Amino acid sequence: MTQWRNWSGLESSDPADVVTPASVAEVEAAVTDAAERGSTVKMVGTGHSFTGIAAPEGVMLSPAALSGILAVDRDAMTVTALAGTPLYVLNSELARLGLSLHNMGDIAEQTLAGATSTGTHGTGGIKASLSAQVSGLEMVVGDGTLVRASRDENPDVFAAARLGLGALGVLTSLTFDVEPLGVLEAHEQPMLWDEALARYDEFVDANHHCDMYWFPHTDRMQVKVNNRLDLEPDEAEPLSRFRAWLDDDFLSNTAFAGVNALGNRAPGLVPRLNELSGRLLSERTYSDVPHRIFTSPRRVVFREMEYALPRETGLAALREVRRLIDASDWRISFPVEVRMTPADDLTLGTSSGRDSIYLAFHVNRRTDHTAYFGGVEEILRAHDGRPHWGKVHTRTADDLAPAYPRWQEFLDLRDRLDPDRLFTNTYLRRVLGD
C-alpha cells in the first residue's frame, strides 16, 4: 500500500489507489471512475502544506506527468502551464523566455495547483498571492467534465477556483499574468524592535516589497526590502557564489539546523542563541532576477502557522504575541515573519477585500508546536485573523464562515461543481463542512 506524507511529517494518509495521469483525458477518466465506484479523488502536490488539505483518501492522482508550459501569449502577457508544474520549473522557464511572475513566496518547491489552491503568497507588490496572478484556468469537476474559467468565462468559478482548496475539482492548467524579466534589488538590514515597528508603514509604503523577521526573546529584527531597478538582467549584481553559499545555504540551513538541534537539547540556551543570531546579522545589498531574490532553499524541516490580519491591527497583534511569549516558558528558536499584502478579489482569499499583515510562526519538527500555536492563535482570532489554508490552525467551518463575506458563495459553487463531495477529505470536512 502507498502512503502519502507531507513534507513536515504532520499529515499522512493511505490512499486506496494511485494514478499518474499524463493528459486531461486521463484526469477526466480517473475522476469519472472514482465517482462510479463511490470513492473520492485528490490530486496531491509536493506536500508543502502543513495541513491535510491535499491528503488523499480514495484515489490519489500524482501530478508528475502534468508538468510544463503549454502556451505563451506575449500580446496578452500571459503564460499557460500544466497544473503539476513545480514553481521552480516555471520560474526557470519564464526566465529563459525573458518573463517573470510579479510576486511569489519564499520557496519554489510547490506545484502550481498546490500553491494557488492554498493561497501561497509573497509580500507587497500590486498582487501578492500566486492565486491573484492567475488569469485563467481549466479544471475537471465532479461530473468528469472539463470547465474553463477566466474573468470573462465562468467568472464565478474563476473567482473561487483560483484559490479553491482542492474542493471544487482537479486543476489541469493555469494561466498566469506575467511581466518582462527585470531586476530586483534586495536591501537587508538588522534593526531593533522599536525602530522596526515604528517605521513599518514607512518601509511598506516606500518600497515595492517588505519583509521583516523578529527573533523571539530578543529585541532583534531583520528588515528586507525589494525594489525593481531599471536594468537589464545581465546588469544585475548578485551575491558572489561564496557569499550566497555562506549566507543562504550554510548559515540559513546547515548552521541553523545545528542551532535548532542545540536548542532542542538545551531549551534554556534558546534566548541567548537568538540574541547571537540577531547580532551576527549584517547589512547587505544585492540584485538579481526576481525569482532568485524572492525564493531560497529551506532544508530545516519545520511546522508553521500563519494568519492574515487587517493591516490596521496586525502590528498590535504582534505586540500582544510578544507579551505572551515573554510571559511564557516557551523557547522559540525560529524567527516570526511579518509580511503585508494588498487586498484581492478571491472568494476565500485570506486577503480578500482588505489589505493584510501576515504573521507567521514556526518551530522545528522536533518541537511540540501545540501550546505555542494554540496560545498565539487565540490572539490572532481576536484580531479578526484568517488562517492560511495550508498552514496549521484549529479553525472549523462554523467559525470560519463569519470571517469571509463571500463564504456562502463558495459553498453554493461547491454544491454545483461537486455535489457528491468527490474531492473531499478530512481537512475539507472540518473547514468547509459537508
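See above for the structure.
None of the values given here were measured: they were computed from a predicted structure.

J.: What's the story with the overall build of the protein chain in this structure? I'm lost.
T.: A tally of helices and strands in the protein chain yields 14 helices and 20 strands. By the compact-globule yardstick of 22 Å for 434 residues, the protein chain fits well, its C-alpha radius of gyration being 21 Å. With the C-alpha coordinates of the protein chain rotated into their principal frame, the extents come out at 60 × 50 × 40 Å. For the protein chain, buried positions account for 58% of its 434 residues. In the structure as shown, the protein chain presents an accessible area of about 17600 Å², 50% of it carried by carbon and sulfur atoms. When the 42 basic and 62 acidic side-chain charges of the protein chain are each reduced to a single mean position, those positions are 6 Å apart.

J.: What exactly am I supposed to notice about the sheet that holds strand β18 (residues 336–341) here?
T.: Note on sheets: strands pair through backbone hydrogen bonds, and any given pair is parallel or antiparallel. An order of β16-β13-β15-β14-β18-β19-β17-β20 is seen for the eight strands of this open sheet, with the pairing classed as antiparallel. Edge positions in the sheet fall to β16 (284–288) and β20 (386–387), since each of these pairs with one other strand and no more. Pairing between strand β14 (residues 209–214) and strand β15 (residues 220–229): six bridges, direction antiparallel. From the neighbouring strand, Asp211 faces β15, where its bridge partner is Lys224. Strands β17 (302–310), β18 and β19 (356–364) of the sheet are contacted by helix α11 (residues 370–382), whose axis makes an angle of about 10 degrees with β17.

J.: Please explain helix α8 (residues 270–280) as it appears in this structure.
T.: Think of an α-helix as 3.6 residues a turn; residues three or four steps apart then line up on the same face. Those residues of α8 that sit buried are Val270, Leu273, Asn274 and Gly278. For α8, the buried positions fall inside an angular range of 135 degrees around the axis, keeping them on one side. Of the exposed residues in α8, those oriented more than 90 degrees away from the buried face are Arg272, Arg279 and Leu280. Contacts from the buried residues of α8 go to β15 and α7 (241–265).

J.: Teacher, can you tell me more about the side chain of Thr85 here?
T.: With respect to the element layout, Thr85 can be found in the loop between β7 (78–82) and α2 (87–96). Ignoring any residue separated from it by four or fewer positions in sequence, one finds Thr85 in contact with Leu66, Ser67, Gly68, Leu90, Gln110, Thr111 and Leu112.

J.: Just to check I follow, could you spell out the sheet that holds strand β3 (residues 17–19) for this structure?
T.: Taken in spatial order, the three strands make up an open sheet running β3-β5-β4, and their pairing is parallel. Looking along the sheet, the strands with just one partner apiece sit at the ends: β3 and β4 (41–43). Within the sheet, the average angular offset between the axes of one strand and its neighbour, ignoring direction, is 25 degrees. The pairing of β3 with strand β5 (residues 59–61) spans three bridges and is classified as parallel. Residue pairing across strands places Val19 opposite Leu61, the latter belonging to β5. In the packing of helix α1 (residues 24–36) onto the sheet, the strands contacted are β3, β4 and β5, and the crossing angle to β5 comes to about 170 degrees.

J.: Any chance you could explain the pairing of strand β11 (residues 170–177) here in plain terms?
T.: Regular strands place side chains that alternate from one sheet face to the opposite one. A large share of β11 lies buried, amounting to seven of its eight residues. Bridging between β7 and β11 involves five bridges; their strand directions are antiparallel. Each residue of the ladder has a partner; that of Ala81, found in β11, is Leu174. Examined bridge by bridge, strand β9 (residues 134–140) and β11 share six bridges and lie antiparallel to one another. Its bridge partner lying in β11, Val134 is registered against Phe176.

J.: Got a minute to help me understand the environment of Glu109 in this structure?
T.: As for its placement among the helices and strands, Glu109 is situated in the loop between β8 (99–100) and α3 (112–118). Residue classification places Glu109 among the partly exposed residues on the basis of a relative accessible area of 38%. Sequence spacing of Glu109 and Arg298 is 189 residues, and the spatial spacing of their C-alpha atoms is 9.6 Å. Apart from residues no more than four positions distant in its own chain, Glu109 is found in contact with Thr46, His48, Pro86 and Tyr88.

J.: Hey, could you run me through a negative patch on the surface in this one?
T.: Residues Asp230, Glu232, Asp234 and Glu235 make up a contiguous surface patch of negative charge. Positionally, Glu232 belongs in the loop between β15 and α7.

J.: Would you mind going over the pattern of salt bridges with me for this structure?
T.: One side chain can pair with another of opposite charge once the charged atoms of both are near each other. Counted under the stated rule, the structure contains 33 salt bridges. When the shortest N-O distance is used, the salt bridge between Glu188 and Arg284 registers 2.7 Å. Here Glu188, found in strand β13 (residues 183–192), pairs with Arg284, found in strand β16; they are 96 residues apart in sequence, far enough to count as distant. Among the salt bridges present, the one from Arg199 reaches Glu202, with a minimum N-O distance of 2.9 Å. Look at Arg199 and you get partly exposed, because its relative accessible area is 26%. Overall, Glu202 belongs to the partly exposed group, its relative accessible area being 44%.

J.: Please explain the nonpolar core as it appears in this structure.
T.: For soluble globular proteins, the rule of thumb is that nonpolar side chains tend to be buried together. By size, the foremost hydrophobic cluster in this structure holds 55 residues, and its most contacted members are Leu90, Leu101, Met139, Leu165, Trp389, Trp407 and Leu432. Top element by residues in this core is helix α13 (residues 407–417). It accounts for five residues. Every residue in contact with Leu101, bar those within four places of it in the chain, is listed here: Leu87, Leu90, Asn91, Leu94, Leu130, Gln133, Phe176, Asp177, Val178 and Glu179. Within the second largest apolar cluster, 41 residues are counted, among which are Val225, Phe334, Tyr372 and Phe373.

J.: Explain the packing of helix α10 (residues 311–327) against α11 here, please?
T.: Between two packed helices, what matters for the description is the angle formed by their axes and the separation of those axes. Taken N-terminus to C-terminus, the directions of α10 and α11 make an angle of 145 degrees; their axes are 10 Å apart at the nearest point. Read as a crossing pair, α10 and α11 show a hand that is right-handed. Residues Ala317, Glu320, Val321, Leu324 and Ile325 of α10 touch α11, and the partners they reach there are Tyr372, Gly375, Val376, Ile379 and Leu380.

Each value, and the rule that gives it
- Position numbers for residues count from 1 along each chain, tracking the sequence in the order it is written.
- Given that this is a predicted model, residues contribute local features only at a pLDDT of at least 70 and side-chain atom pairs are listed and counted only at 80 or more, while totals for whole chains, interfaces and linings are drawn from all residues.
- As a convention, hydrogens and water are excluded, and side-chain values are obtained from all of the structure's heavy atoms.
- The secondary structure listing takes helices from DSSP runs of H or I that are at least 4 residues long and strands from runs of E that are at least 2 residues long, numbered from the N terminus.
- Here the globule rule reads 2.2 Å times residues to the power 0.38, and the radius of gyration is calculated from C-alpha atoms.
- Each residue's exposure class comes from its accessible area (1.4 Å probe, protein chains only) as a fraction of the maximum for that residue type: buried when under 20%, exposed when over 50%, partly exposed otherwise.
- Methods summary: accessible areas were calculated by the Shrake-Rupley approach with a probe of 1.4 Å, and residue burial reflects only the protein chains presented.
- Lys and Arg are tallied as positive, Asp and Glu as negative. Neither His nor the chain termini are counted.
- A charge is said to be at NZ when it belongs to Lys, at CZ for Arg, at CG for Asp and at CD for Glu.
- Two strands make a pair as long as DSSP finds a minimum of two bridges between them.
- Note on contacts: a residue pair qualifies if any of its non-hydrogen atoms lie within 4.5 Å across the two residues.
- Where helices are involved, their axes are fitted lines through C-alpha atoms of the stretch in contact, as for all axes, and angles between N-to-C directions lie from 0 to 180°.
- Arc definition: directions from the helix axis to the C-beta atoms.
- Every patch collects residues that have over 30% relative accessible area and no salt bridge, joining them within 9 Å if they carry like charges and within 5 Å if they are nonpolar side chains (Val, Leu, Ile, Met, Phe, Trp, Tyr).
- Salt bridges are identified by distance alone: a Lys or Arg side-chain nitrogen within 4 Å of an Asp or Glu carboxyl oxygen.
- Only buried Ala, Val, Leu, Ile, Met, Phe, Trp, Tyr and Cys residues count toward a nonpolar core, and they belong to the same one when joined by side-chain atoms within 4.5 Å.
- With the far helix as reference, a near helix turned anticlockwise by less than a right angle produces a left-handed crossing, and one turned clockwise produces a right-handed crossing.

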